[in-house]
Amino acid sequence: MDDFWVFGYGSLMWRPGFDHLDAMPARLFGYHRALCVRSFVHRGTPERPGLVLGLDRGGSCQGVVFRVSTQDKPKVVDYLRARELVTNVYLETVRRVRLGSGEHVRALTYVVDRTHHQYAGALSADDAYSSVRSAKGQSGPNDEYVLNTVEHLRTLGIRDHHLEAIAGHLDACAGATAPDRQPD
């Protein structure tokens, strides 16, 4: 095929930031979506790191694959490298993904580097919640990032039970600390 493919599993799915010919559901095998990357800038600080998504080994991940024209490939790769490789916690790689039709394509994607100091590893929902609940960085509160991600995944018809469990903790905490409202 003359086209170039890019796999998205997080914000890239709903905010790709590059021109593409088509976007469709796809599944990547061998990796799963996880809050496994410590954020020291955008969703946390060095003193209070937040967590952001990465593709970690094992399982599979439902996401979106973008078909990009060959002529746009250099521009798209440059854009993605500037977006994803800021601290080099992700490794740029090409992986085989399965489209909804059953067809397989090779797509550029970014997987977490388990040897990088920002890699947080596999965290329970409780541990992730503890990191996320009060972390805040230049791009805003970490809990907002998680809740927004879960909302966007649901809009796309994608279930992520681990993220939903963390969001459930965040919602419960927000409900427990919200001031009582008087009826109008």
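Keep in mind it's a predicted model, so treat the numbers as computed, not measured.

Peer 1: Requested: an account of the overall build of the protein, with residues and values cited.
Peer 2: Along the protein, the regular secondary structure elements total four helices and seven strands. When the elements of the protein are put in sequence order from the N terminus, they spell out β-β-β-α-β-β-α-β-β-α-α. Here the C-alpha atoms of the protein give a radius of gyration of 17 Å, agreeing with the 16 Å that 2.2 N^0.38 yields for 184 residues. For the protein, the spread of C-alpha atoms along the three principal axes comes to 60 × 40 × 30 Å. The buried share of the protein, reckoned over its 184 residues, is 44%. For the protein, the accessible area works out to roughly 9,900 Å², and carbon and sulfur atoms hold 50% of it. Within the protein, the 22 negative side-chain charges are centred at a point lying 4 Å from the centre of the 22 positive side-chain charges.

Peer 1: So what's going on with the packing of aromatic side chains? Residues and values would help.
Peer 2: Considering all chains together, one arrives at two aromatic pairs under this definition. Ring centres of phenylalanine 18 and phenylalanine 66 lie 5.4 Å apart, and the angle between their planes is 75°; this geometry places the pair in the edge-to-face category. You can see phenylalanine 18 sitting in the loop between β1 (4-8) and β2 (22-39) and its partner phenylalanine 66 sitting in strand β3 (residues 50-68), a full 48 residues away along the chain. Residue class for phenylalanine 18 comes out buried when judged on its relative accessible area of 9%.

Peer 1: I'd like to hear about the environment of glycine 30, residue by residue, with values.
Peer 2: Here glycine 30 lies in strand β2. The class for glycine 30 is partly exposed, based on a relative accessible area of 35%. Sequence separation between glycine 30 and valine 65 is 35 residues, and the spatial gap between their C-alpha atoms is 16 Å. Beyond its immediate stretch of four places on either side in the chain, glycine 30 contacts Asp56, Arg57, Gly58, Gly59 and Ser60.

Peer 1: How would you sum up the layout of surface pockets? Please name residues and give values.
Peer 2: The calculated volume of the largest pocket comes to roughly 850 Å³. The biggest single contributor to the lining of the largest pocket is helix α3 (residues 142-155), with four residues.

Peer 1: So, unusual backbone geometry: which residues are in play, and what are the values?
Peer 2: One non-glycine residue, asparagine 88, lies in the positive phi region at around 60°. Within the secondary structure layout, asparagine 88 lies in the loop between α1 (73-84) and β4 (90-99).

Peer 1: Can you lay out helix α2 (residues 125-132) for me, pointing to particular residues and giving the numbers?
Peer 2: Within α2, the full set of buried residues consists of Ala125, Ala128, Tyr129 and Val132. End-on view of α2: buried residues confined to an arc of 100°, all on one side of the axis.

Peer 1: An account of α3 is requested, with residue identities and associated values reported.
Peer 2: Over its 14 residues, α3 extends 20 Å from the first C-alpha to the last, a length consistent with the 20 Å expected when each residue adds 1.5 Å. Every buried residue belonging to α3 is among Asn142, Tyr145, Val146, Thr149, Val150 and Leu153, and all of these are buried. The buried residues of α3 occupy an angular sector of 130° when projected down its axis, which confines them to one face. Across from the buried face of α3, at angles greater than 90 degrees, the exposed residues are Glu151, Arg154 and Thr155.

Peer 1: Tell me about the nonpolar core, and please be specific about residues and values.
Peer 2: In terms of nonpolar packing, the biggest core is built from 54 residues, with Val6, Phe7, Leu35 and Val65 touching the most fellow members. Here the element with the most residues in this core is β3; it accounts for nine residues.

Peer 1: Could you give me a rundown of the side chain of threonine 93, with the residues and numbers involved?
Peer 2: The topology assignment puts threonine 93 in strand β4. A relative accessible area of 13% places threonine 93 in the buried class. For threonine 93, the residues in contact, after removing those within four places along its chain, are Ala107, Leu108, Thr109 and Val111.

Cut-off values and rules
Residues numbered from 1 in each chain as written. Predicted model: local features only at pLDDT ≥ 70, side-chain atom pairs only at ≥ 80, totals over all residues. Heavy atoms only, no water. Helix = DSSP H or I, 4+ residues; strand = E, 2+ residues; numbered from the N terminus. Rg over C-alpha atoms; globule rule 2.2 N^0.38 Å. Buried < 20%, exposed > 50% of the residue type's maximum accessible area, 1.4 Å probe, protein only. Areas by Shrake-Rupley, 256 points an atom, 1.4 Å probe, with all protein chains shown as cover. Lys, Arg positive; Asp, Glu negative; His and termini not counted. Charge placed at Lys NZ, Arg CZ, Asp CG, Glu CD. Phe/Tyr/Trp six-rings, centres within 6.5 Å; stacked < 30°, edge-to-face > 60°. Contact = heavy atoms within 4.5 Å. 1 Å grid on protein atoms, 1.4 Å probe; cavity = no way out; pocket = protein on both sides within 12 Å on 5 of 7 lines; lining within 4 Å. Points joined across faces, edges and corners; volume = space filled by probe spheres on them. Arc of directions from axis to C-beta. Expected span 1.5 Å × (residues − 1). Core = buried A, V, L, I, M, F, W, Y, C linked by side-chain atoms within 4.5 Å.

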